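Analysis of the macromolecular model
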Amino acid sequence: MSIQENLQTILSQIPENVQLVAVSKTKPNEDILEAYNAGQRIFGENKIQEMADKYDALPKDIEWHMIGHVQTNKVKYMAPFVSLIHGVDSFKLLNEINKQAQKNNRVVNCLLQIKIAEEDSKFGLSVEDAKALLESHELKTLNHIKITGLMGMATFTDDEEQLSSEFNKLQSAFNLFKNMNNSNIQMTVLSMGMSGDFKIAIDRGSNMIRVGSSIFGERIY
Ligand SMILES: *Cc1c(COP(=O)(O)O)cnc(C)c1O
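Overview of the structure.

Rules of the game
- Residues numbered from 1 in each chain as written.
- Predicted model: local features only at pLDDT ≥ 70, side-chain atom pairs only at ≥ 80, totals over all residues.
- Heavy atoms only, no water.
- Buried < 20%, exposed > 50% of the residue type's maximum accessible area, 1.4 Å probe, protein only.
- Helix = DSSP H or I, 4+ residues; strand = E, 2+ residues; numbered from the N terminus.
- Arc of directions from axis to C-beta.
- Contact = heavy atoms within 4.5 Å.
- Axes fitted to C-alpha atoms, helices over the stretch in contact; angles between N-to-C directions.
- Parallel < 35°, antiparallel > 145°, perpendicular 65-115°, else oblique.
- Left-handed = near helix turned anticlockwise from the far one by under 90°.
- Salt bridge = Lys/Arg side-chain N within 4 Å of Asp/Glu carboxyl O.
- Phe/Tyr/Trp six-rings, centres within 6.5 Å; stacked < 30°, edge-to-face > 60°.
- Nonpolar A, V, L, I, M, F, W, Y, C, P; charged D, E, K, R; others polar.
- Near = heavy atom within 4 Å.
- Polar contact = N/O pair within 3.5 Å; in protein donor to acceptor, adjacent residues only side chain to side chain.
- Areas by Shrake-Rupley, 256 points an atom, 1.4 Å probe, with all protein chains shown as cover.

A word on helix H6 (residues 127–135). When we look at burial in H6, the residues that qualify are Val 127, Ala 130, Leu 133 and Leu 134. Across the axial projection of H6, the buried residues extend over an arc of 120 degrees, all falling on one side. Structurally, H6 contributes buried residues whose contacts are with helix H5 (91–103), strand S5 (108–115), helix H7 (137–140), strand S6 (145–153), helix H8 (160–177) and strand S7 (185–191).

In structure tokens form, the structure reads like this:
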């Protein structure tokens, strides 16, 4: 199946309120252009340098989402153009994003990454720490970021009950936070679900899925 056919298949399986982030990490610009020509505009990458190179080479109406773990010292390379940063898991990182966004006269949208998987390897804040961050006075001083929702990654498993319970945890956190809106919090995005689990994630309230291999094929590292 072509990239275009894969995209159509996925779009036909998701409700209209769910946004599709096409995860193009490791994939060449030709593949991204094929998806672009089929109408896709949101692409996700997990390495800042790779995303910046692709931004330079590809059409400027693409929305670039950073879905990977972000190192503070690299924020400056994406601050001019990134449209949503999914993996924010500390105040220190938010503070740096704010600083770099200010230099570029921008407000950069961010999601807080919540740890929902049992596996130790996954990054993210606990629900308690996210709540403390959202309620903190310091957050109100950051005028160049906006927290627009939450992101999570479930355990890599095909145990549907486990996936469902992990996504459920994120949905509960989202419901807990979604009325905390103020000048730089506007909770609207719930980013969860990948190629193997996006249907379960949507059942648990996801409105943004991040799908790579089901669109572009397996990744070769
Ligand atoms: C790679 C990646 C995805 C996409 O994974 P697939 O299984 O290929 O759909 C989604 N989210 C994050 C954070 C990723 O790193």
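More follows now that the structure is in view.
Let's shift gears to the packing of H6 against H8. Close contact between H6 and H8 brings their axes to 11 Å; oriented N to C, the two are set at 20 degrees. One way to sum up the angle between H6 and H8 is to call them roughly parallel. The crossing of H6 and H8 is right-handed. Counted together, Val 127, Ala 130, Lys 131 and Leu 134 of H6 and Lys 169, Ala 173, Leu 176 and Phe 177 of H8 form the full contact between these two elements.

For the rest of this paragraph, the subject is the pattern of salt bridges. All told, the structure shown has 5 salt bridges when counted by the stated rule. Close ionic contact of Glu 50 with Lys 54 constitutes a salt bridge, the shortest N to O distance being 2.8 Å. Of this pair, Glu 50 and Lys 54 both sit in helix H3 (residues 48–57), 4 residues apart, roughly one helical turn. Between Lys 131 and Glu 135 there is a salt bridge whose closest N-O contact spans 3.2 Å. With Lys 131 and Glu 135 both in helix H6 and 4 residues apart, the pair spans about one turn of that helix. The exposure class of Glu 135 is partly exposed, given its relative accessible area of 44%. One salt-bridge network, in which partners are shared between bridges, spans Glu 45, Glu 50 and Lys 54.

Turning our eyes to something else, we now look at the packing of aromatic side chains. All told, the structure shown has 2 aromatic pairs when counted by the stated rule. Ring centres of Phe 43 and Trp 64 lie 6.0 Å apart, and the angle between their planes is 40 degrees; this geometry places the pair in the tilted category. With Phe 43 in strand S2 (residues 42–45) and Trp 64 in strand S3 (residues 63–66), this pair connects stretches of sequence that are 21 residues apart. With a relative accessible area of 0%, Phe 43 lands in the buried category. Given a relative accessible area of 0%, Trp 64 falls into the buried group. Considering the side-chain rings of Tyr 55 and Phe 81, the 4.1 Å spacing of their centres and the 10 degrees angle between planes classify their relative orientation as stacked. Residue Tyr 55 is found in helix H3, and its partner Phe 81 is found in the loop between helix H4 (75–78) and strand S4 (84–88); the two are separated by 26 residues along the sequence. Overall, the relative accessible area of 24% leaves Tyr 55 in the partly exposed class. Note on Phe 81: relative accessible area 11%, which makes it buried.

This part takes up the packing of helix H1 (residues 3–13) against helix H2 (residues 29–37). One way to put it is that H1 packs onto H2 with a least axis distance of 9 Å and a crossing angle of 50 degrees. Comparing their axes, H2 and H1 come out oblique. In this structure, H1 crosses over H2, and the sense of that crossing is right-handed. Judged by residue contacts, Ile 3, Gln 4 and Leu 7 of H1 engage Asp 31, Glu 34 and Ala 35 from H2. Of the residues that constitute the contact of H1 with H2, the class distribution is 3 nonpolar, 1 polar and 2 charged.

Time to look at the site of the ligand. Taken together, Val 23, Lys 25, Ile 67, Met 151, Met 153, Met 194, Ser 195, Arg 210, Val 211, Gly 212, Ser 213 and Arg 219 are the residues near the ligand. Interatomic distance of 2.7 Å between a side-chain N/O atom of Lys 25 and an oxygen atom of the ligand. Isolated, the ligand exposes 390 Å² of accessible area, and the fraction of that covered by the protein chains is 90%. When its residues are assigned to classes, the shell around the ligand shows 6 nonpolar, 3 polar and 3 charged.

So far we have only geometry, and geometry alone does not tell us how the molecule works.
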